[in-house]
Amino acid sequence: MSAHVADPPVPVKPDVIGVGFLYHGVPEFARLYERLVEVGGHIDLVEFLAAHHHADPGHLADIIDSLGGVPSTLHCFEYMIGSVDRPAAATVERLRRMVELSNCRYIGEHVGVMGTRDRYSGTFLQPFGTDEQTEVFIENLKRDRDVAGVPFIIENQAQIYDQVGPRSVCEQVRDIAEGADVGILLSMSNFTVAERFHPMDRERELEAIPLERVWQLHIPLGSGAELAEPDNGRQRREQEWAHATAEQLFKEESFRPVSIVLEVQNAGTIALATPEEIRDGLDWARDLLGSGADR
Amino acid sequence: MSLTAVQEFLAAYLRDPAFRDDFRELGTEADLPELAGLSEEEKRLVNGIDLADLDRVSNAVLNERFERTSSVYGLFLEHLGRYADVTRFYQEYDRLHTRGWWQRRAEVRRFEAFALDFVVRWGLPDHLVDLCRFCSVVTTVSESPKVSVPKFADLPGITAVRGNYTVRLREPFEVVTFRHDVLRIVNDPTGYGADPTPSVTGLLVHRDWREHKRSRVFALRDHPVLRALAAGPKTVFELAAAVPDFSYASLLAVVADLYGRDVVHLVVPREVAGELTTGTT
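Residues numbered from 1 in each chain as written. Chains lettered and ligands numbered in written order. Predicted model: local features only at pLDDT ≥ 70, side-chain atom pairs only at ≥ 80, totals over all residues.

Participant: Lay out the overall build of chain A in plain terms, naming residues and giving numbers.
Facilitator: What chain A contains, in helices and strands, is ten helices and ten strands. Relative to a compact globule of 295 residues, whose C-alpha radius of gyration would be 19 Å, chain A shows 18 Å and is just as compact. Projecting the C-alpha coordinates of chain A onto the three principal axes gives extents of approximately 55 × 40 × 40 Å. Looking at the 295 residues of chain A, the share that counts as buried comes to 48%. (Helix = DSSP H or I, 4+ residues; strand = E, 2+ residues; numbered from the N terminus. Rg over C-alpha atoms; globule rule 2.2 N^0.38 Å. Buried ≥ 20, exposed ≤ 12 C-beta atoms within 10 Å, placed from the backbone.)

Right, dumping it as structure tokens:
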């Protein structure tokens with residue numbers, strides 16, 4: 001068992017921020033945003049992948065300027081919250097700089113194991129659901145909360161092998177969130193990803209999530225034209241499931257996220273959703289958020 | 001803490017084909033360094049994992065790495081495919097580097113070193129090495145942050161290029177020399193034969209200040225002004241001496257064009273900088 005880390009102040013869930021999309025660090029997304037505005041769409045926040053910006057963190061400030069100064073959330077794995085190893089000081093400093101430059105409100109970290117500092121696993125590995133592994137997440141989050149500059153929230157990952165230890169994927173997310181007193185990023189997409197490796201009992205897993213702790217939803221929004229193709233039937237059904245499940249969750253009294261982020265390049269598709277599709281998707285998501293705020 | 005051994009095991013299984021083969025044959029009792037720290041309870045948990053699940057993930061990891069690599073080296077891999085099995089090339093590369101993280105610069109350095117080794121080992125055409133290096137330098141320049149504007153540069157009062165303004169290439173950029181005419185290969189991929197004659201070529205790879213993660217490439221033999229500036233900042237007067245074939249009128253026009261396209265800074269003399277901060281001349 002690790003040495004106890006004194007509990008730092010607990011972050012407070014912010015007021016509703018709004019809806020946006022995951023912005024990849026390539027010029028295509030700058031053009032996409034311009035076209036979105038042209039067709040009458042707008043965003044309330046933006047999500048960045050930290051991995052896209054390590055070489056040039058300063059560019060985040062340029063992007064935020066181009067988006068009208070909206071708040072952001074940083075999505076990363078570099079804090080290695082599941083690893084016994086800790087990230088290099090230079091990595092943490094770079095992440096802090098990204099937070100400062102991007103009007104960041106909170107960081108979305110992965111409930112996954114990335115390997116050790118010396119040996120990268122190549123992906124967000126499903127952690128063992130043991131007491132020891134869960135405690136590592138909790139202690140790392142408590143410790144890193146002081147250095148990150150903004151609150152952490154934690155994202156459920158795809159299951160890739162049989163449950164190991166007493167906790168399922170989402171039961172572990174619950175225990176980590178409650179143990180470290182952090183919010184949750186509920187990813188609908190990662191249930192879909194699991195289908196390629198180890199399908200999950202989605203109903204059981206969603207029941208394990210403490211809905212009052214969900215700060216953000218990740219919802220897929222792929223190209224309608226591609227999803228309509230006969231070969232993409234499974235992906236189309238998965239997106240329909242994700243949207244229907246989100247609508248159902250918003251009927252729960254305790255479910256009050258502050259943001260929804262659309263993943264506009266659905267896993268496995270090549271084409272981005274069109275600006276019109278994104279505009280309409282953002283409006284739908286905004287209505288959902290509003291339905292929660294109206295309670 | 002033995003949990004480190006669990007994480008080491010999982011990472012090794014996903015990334016190292018040789019470790020996977022040994023583990024499948026011998027299990028947790030294999031005499032492998034990655035298993036040395038596992039407790040008996042952890043061995044029990046590891047042995048409960050269906051290796052077919054992990055094999056699917058290791059395949060996905062391999063493909064993910066290949067996609068990332070292809071986004072940088074697509075041009076090189078396309079040409080390599082005319083002479084060698086790209087899948088085999090890539091699998092060898094992956095087997096050689098089973099541990100480190102995939103930061104872009106680290107992968108670039110690993111890949112370009114491996115590419116040269118592969119080309120030499122299999123006696124492949126050596127213009128492939130230049131194509132690999134070209135991909136490396138375009139990527140690293142494109143993804144490097146812009147260097148801050150020097151003092152007294154690009155002032156709002158500048159309305160024309162003056163002789164005593166210092167012309168300075170915006171950064172980052174790199175000047176790279178190749179054995180082959182890489183731009184000719186890029187622009188005419190099918191016409192470049194299996195045994196092309198070396199034609200030493202110097203290129204300026206220049207970060208585009210208007211578009212993120214993009215660069216422009218100039219053949220220095222075709223751009224004498226840029227060639228002179230790549231050697232260091234120069235006033236227009238000094239440039240005129242460096243490129244004597246240009247009339248002053250032509251030189252001023254070229255510099256104005258480069259300035260207009262954000263390829264260069266114009267740095268005014270400190271004595272007149274104050275007049276140009278507000279547009280008063």
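Participant: Break down the packing of helix α4 (residues 51-80) of chain B against helix α6 (residues 104-122) of chain B for me, with residues and values.
Facilitator: Residue and element names in this part refer to chain B. Where α4 contacts α6, the two axes come as close as 11 Å, and the packing angle between them is 30 degrees. One element, α4, and the other, α6, form an angle in the roughly parallel class. Our pair here, α4 against α6, has a crossing hand that is right-handed. Residue-level contacts link Thr 69, Val 72, Tyr 73 and Phe 76 of α4 to Glu 107, Val 108, Phe 111 and Ala 115 of α6. A class-by-class count of the residues in the contact of α4 with α6 yields six nonpolar, one polar and one charged. (Axes fitted to C-alpha atoms, helices over the stretch in contact; angles between N-to-C directions. Parallel < 35°, antiparallel > 145°, perpendicular 65-115°, else oblique. Left-handed = near helix turned anticlockwise from the far one by under 90°. Contact = placed C-beta atoms within 7 Å. Nonpolar A, V, L, I, M, F, W, Y, C, P; charged D, E, K, R; others polar.)

Participant: Break down the sheet that holds strand β6 (residues 264-267) of chain B for me, citing the residues and quoting the values.
Facilitator: Residues and elements named next belong to chain B. Spatially, the three strands line up as an open sheet ordered β5-β1-β6, and their pairing is antiparallel. At either end of the open sheet lies a strand with only one pairing partner, and these are β5 (234-235) and β6. Examined bridge by bridge, strand β1 (residues 166-169) and β5 share two bridges and lie antiparallel to one another. What sits directly across from Val 167, in β5, is Lys 234. (Pairing = 2+ DSSP bridges.)

Participant: Describe the sheet that holds strand β2 (residues 173-178) of chain B, and please don't skip the residues or the numbers.
Facilitator: Residues and elements named next belong to chain B. On the basis of which strands lie adjacent, the open sheet formed by three strands has the order β2-β3-β4 and antiparallel pairing. Both outer strands of the open sheet, β2 and β4 (215-219), are each paired with one neighbouring strand and no more. Recorded for the sheet is a direction-independent mean angle of 25 degrees between the axes of neighbouring strands. Against the sheet, helix α7 (residues 127-142) engages β2, β3 (201-207) and β4, with an angle of about 175 degrees to β2.

Participant: Break down the confidence of the model for chain B for me, citing the residues and quoting the values.
Facilitator: Taken over all residues, the pLDDT of chain B has a mean of 92, while the share at 70 or more is 96%. Here the complex is predicted with pTM 0.91, and the ipTM for its interfaces comes to 0.87. (pLDDT = per-residue confidence, 0-100.)

Participant: Run through the interface of chain A and chain B, naming residues and quoting values.
Facilitator: Each partner contributes residues to the interface: chain A has 30 residues there, and chain B has 36 residues. Elements supplying a minimum of two residues to the side of chain A that touches chain B: β5 (113-115), β6 (120-125) and α4 (131-148) of chain A. The element best represented in the side of chain A that touches chain B is β6 of chain A, accounting for five residues. Of the residues in the side of chain A that touches chain B, the class split is 13 nonpolar, twelve polar and five charged.

Participant: Now, about unusual backbone geometry: what can you tell me, with residues and values included?
Facilitator: Along the chain, Glu 171 of chain B connects to Pro 172 of chain B via a cis peptide bond; the corresponding omega equals 15 degrees. Tracing the chain through its elements places Pro 172 of chain B in the loop between β1 and β2. Positive phi is not limited to glycine here, since Asn 103 of chain A has a value of about 55 degrees. Secondary-structure assignment places Asn 103 of chain A in the loop between α3 (89-101) and β4 (104-110). Under the C-beta neighbour-count criterion, Asn 103 of chain A is labelled partly exposed, with 18 such atoms within 10 Å. You will see that Asp 154 of chain B, though not glycine, has its phi angle at about 55 degrees, which is positive. Along the chain, Asp 154 of chain B turns up in the loop between α7 and β1. A residue is classified by how many C-beta atoms lie within 10 Å of it, and Asp 154 of chain B, with 17 of them, is partly exposed.

Participant: Summarise helix α9 (residues 233-249) of chain A; cite the residues concerned and give the values.
Facilitator: One turn of the α-helix equals 3.6 residues, which is why residues spaced by three or four share an orientation. All names here are of chain A. With 17 residues, α9 ought to run about 24 Å at 1.5 Å a step, and its terminal C-alpha atoms sit 24 Å apart, in line with that. Of all the positions in α9, only Gln 235, Glu 238, Gln 239, Ala 242, Ala 246 and Leu 249 are classed as buried. Axial view of α9: buried residues confined to an arc of 100 degrees, hence all on one face. Those residues of α9 that are exposed and angled more than 90 degrees off the buried face are Gly 233, Arg 237, Glu 240, Ala 244 and Gln 248. (Expected span 1.5 Å × (residues − 1). Arc of directions from axis to C-beta.)

Participant: How would you sum up the packing of α4 of chain A against helix α5 (residues 169-180) of chain A? Please name residues and give values.
Facilitator: All names here are of chain A. One can describe the packing of α4 onto α5 by two numbers: an axis separation of 9 Å at closest approach and a directional angle of 40 degrees. The chirality of how α4 crosses α5 is right-handed. Across from Thr 134, Phe 137, Ile 138, Leu 141 and Lys 142 in α4, the residues of α5 making contact are Gln 172, Asp 175, Ile 176, Gly 179 and Ala 180.

Participant: Talk me through the nonpolar core; I want residue IDs and the actual numbers.
Facilitator: Here is a general trend for soluble globular proteins: nonpolar side chains tend to be buried in one another's company. Counting 96 residues, the largest nonpolar core has Ile 154, Ile 184, Ile 219, Ile 260 and Leu 262 of chain A together with Phe 9 of chain B as its most contacted members. With nine residues, helix α1 (residues 3-15) of chain B is the single largest residue contributor to this core. Listed in part, the 46 residues of the second largest apolar core include Tyr 73, Leu 131, Val 176 and Leu 258 of chain B. (Core = buried A, V, L, I, M, F, W, Y, C linked by C-beta atoms within 7 Å.)

Participant: Let's hear about helix α5 (residues 86-96) of chain B: which residues, and what values?
Facilitator: Residues and elements named next belong to chain B. If you check which residues of α5 are buried, you get Phe 89, Tyr 90 and Tyr 93. Buried residues along α5 cover an arc of 90 degrees about the axis, so they all sit on one side. Seen from the open side of α5, the exposed residues pointing more than 90 degrees away from its buried face are Thr 87, Arg 88 and Arg 95.

Participant: I'd love a proper account of the pairing of strand β2 (residues 45-49) of chain A, names of residues and values included.
Facilitator: All names here are of chain A. Taken across its five residues, β2 has four buried, putting it largely inside the fold. With four bridges connecting them, strand β1 (residues 18-23) and β2 associate as parallel partners. By the bridge assignment, Tyr 23 is partnered in β2 with Phe 48. For the segment spanning β1, helix α1 (residues 27-38) and β2, crossover handedness is right-handed. Sheet topology places β2 next to strand β3 (residues 72-76); four bridges connect them, and they run parallel. Its bridge partner being in β3, Leu 49 is matched across the sheet by His 75. Regarding topology, helix α2 (residues 59-66) serves as the crossover connection from β2 to the parallel β3, and that connection is right-handed. (Right-handed = clockwise from strand over helix to strand, strands pointing away.)

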